[in-house]
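# Architecture and fold: a report
Chain residues, written in single-letter form:
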Amino acid sequence: MSERSSYERIYDVVRRIPRGRVASYGQVARLAGLPRHARLVGYALHRLPGETRLPWHRVVAAEGRIAKRAFPDDGRWQRELLEGEGIELDLSGAVPMERYAWRPRTRRASDEKEKARRA
DNA sequence: AAGTTGACGGATG
DNA sequence: TCATCCGCCAACT
């Protein structure tokens, strides 16, 4: 059986987020097969080593806001990385999700709500 | 070993 | 719009 831990599954999903697009913590959790585990995603990213190649900056809060961090500079860093990929933040410094949210084709059964929403 | 905490999110008031 | 509460999991104390 795939013995991937929850964190590995989360990282697998984050790795798939395309450049110039973003996904919310909750969305990553759902795609990783861990519905309602948004917090777990946050913790998984929290423990990433600074030299990681994972595009962690493409994960933002559900409304597009950059999640509060222990060190304010980290938030600024994330913002710069996103802008560096061509993403234009709105006046409040949030990512306009309707424009940059990642819409992967491979949706799971548990994503029925998402499908209904975009209809 | 038990309680606290945290890069969340949705519901509620 | 803002403040709280609660669910869910793993790392820390």
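In this text the structure is predicted, and so the values were computed from the model without any measurement. (Residues numbered from 1 in each chain as written. Chains lettered and ligands numbered in written order. Predicted model: local features only at pLDDT ≥ 70, side-chain atom pairs only at ≥ 80, totals over all residues. Heavy atoms only, no water.)

Looking at where Gly64 falls in the secondary structure, it is placed in the loop between strand S2 (59–60) and helix H4 (72–84). By relative accessible area, Gly64 is classed as buried at 0%. When the C-alpha atoms of Gly64 and Ala101 are compared, they prove to be 8.6 Å apart, with 37 residues separating the residues in sequence. Apart from the residues within four sequence positions on either side, Gly64 is in contact with Ala94, Val95 and Met97. (Helix = DSSP H or I, 4+ residues; strand = E, 2+ residues; numbered from the N terminus. Buried < 20%, exposed > 50% of the residue type's maximum accessible area, 1.4 Å probe, protein only. Contact = heavy atoms within 4.5 Å.)

Another aspect to go through is the protein's contact with DNA strand B. The local shell around DNA strand B holds 15 residues, among which Tyr25, Arg39, His46, Trp56 and Ala62 are the closest. The share of sugar and phosphate among atoms of DNA strand B within 4 Å of the protein is 41%. His46 places a polar main-chain atom, nitrogen or oxygen, 3.1 Å from a base nitrogen of DNA strand B. In this structure, Ala62 approaches DNA strand B through a main-chain N or O atom, which is 2.9 Å from a phosphate oxygen. When residues of the surface near DNA strand B are traced back to their parent elements, those giving at least two are helix H2 (25–31) and helix H3 (38–46). Within the surface near DNA strand B, the residues separate by chemical class into 8 nonpolar, 4 polar and 3 charged. (Near = heavy atom within 4 Å. Polar contact = N/O pair within 3.5 Å; in protein donor to acceptor, adjacent residues only side chain to side chain. Nonpolar A, V, L, I, M, F, W, Y, C, P; charged D, E, K, R; others polar.)

In the vicinity of DNA strand C, the contacting residues are Tyr7, Arg36, His37, Arg39, Leu40 and Tyr43. Considering the 4 Å shell around the protein, atoms of DNA strand C inside it are sugar or phosphate in 78% of instances. Contact distances for DNA strand C include 3.0 Å between a base oxygen and a side-chain N or O atom of Arg39. No other element matches H3, which puts 3 residues into the surface near DNA strand C. Split into classes, the residues belonging to the surface near DNA strand C amount to 3 nonpolar, 1 polar and 2 charged.

In short, shape yes, function no, at least from these values alone.
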